[in-house]
Amino acid sequence: MADYEEAASIKQQYEQKWLAMEEVVAIGIGRAGGETAIIISVTEHSDKVRREIPGRIEGVPITIRETGEFNVQ
């Protein structure tokens, strides 16, 4: 099970690639299933997202959450 520092390091390695996807609106670290996980917020949980973002990377689980667009006010 990865700790926060490991998850943060892995997030940093991959976040530019993921943020380049038009569906990805945010990437963070949180808890999922009792484990430290990378949480990726997307506008739509499309087939492309499922192909490009694995469910786990380097032992760290990835949770994809469909949040829609974020609007700054």
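Presented here is an overview of the structure given in this document. Owing to the predicted nature of the structure, the values given are computational and were not obtained by experimental measurement. (Residues numbered from 1 in each chain as written. Predicted model: local features only at pLDDT ≥ 70, side-chain atom pairs only at ≥ 80, totals over all residues. Heavy atoms only, no water.)

## What to know about the overall build of the protein
Part 1: On a plain count of helices and strands, the protein comes out with 2 helices and 4 strands.
Part 2: Helices and strands in the protein line up, N terminus first, as α-β-β-α-β-β.
Part 3: Relative to the 2.2 N^0.38 estimate, which gives 11 Å for 73 residues, the radius of gyration of the protein is 12 Å and therefore close to what a compact globule would have.
Part 4: Each principal axis of the C-alpha atoms in the protein carries an extent, and together these give about 35 × 30 × 25 Å.
Part 5: The buried share among the 73 residues of the protein stands at 38%.
Part 6: Put simply, of all contacts in the protein between residues at least 6 apart along the chain, 48% involve residues at least 24 apart.
Part 7: Accessible surface, the protein: about 4600 Å² in total, of which carbon and sulfur atoms supply 44%. (Helix = DSSP H or I, 4+ residues; strand = E, 2+ residues; numbered from the N terminus. Rg over C-alpha atoms; globule rule 2.2 N^0.38 Å. Buried < 20%, exposed > 50% of the residue type's maximum accessible area, 1.4 Å probe, protein only. Contact = heavy atoms within 4.5 Å. Areas by Shrake-Rupley, 256 points an atom, 1.4 Å probe, with all protein chains shown as cover.)

## Remarks on unusual backbone geometry
Note: most residues except glycine have negative phi, and most peptide bonds are trans.
Part 1: Even without being a glycine, Glu58 presents a positive backbone phi close to 50°.
Part 2: By secondary structure assignment, the location of Glu58 is in the loop between β3 (56-57) and β4 (60-66).

## Describing the packing of aromatic side chains
Part 1: Following the criterion strictly, the structure yields 1 aromatic pair and no others.
Part 2: When the centroid spacing of 5.5 Å and the interplanar angle of 20° are considered together, the rings of Tyr14 and Trp18 count as stacked. Here Tyr14 pairs with Trp18, and both are found in helix α1 (residues 4-19), just 4 residues apart, close to one helical turn.
Part 3: Among the residues examined, Tyr14 registers a relative accessible area of 23% and is labelled partly exposed.
Part 4: Classification of Trp18 as buried rests on a relative accessible area of 1%. (Phe/Tyr/Trp six-rings, centres within 6.5 Å; stacked < 30°, edge-to-face > 60°.)

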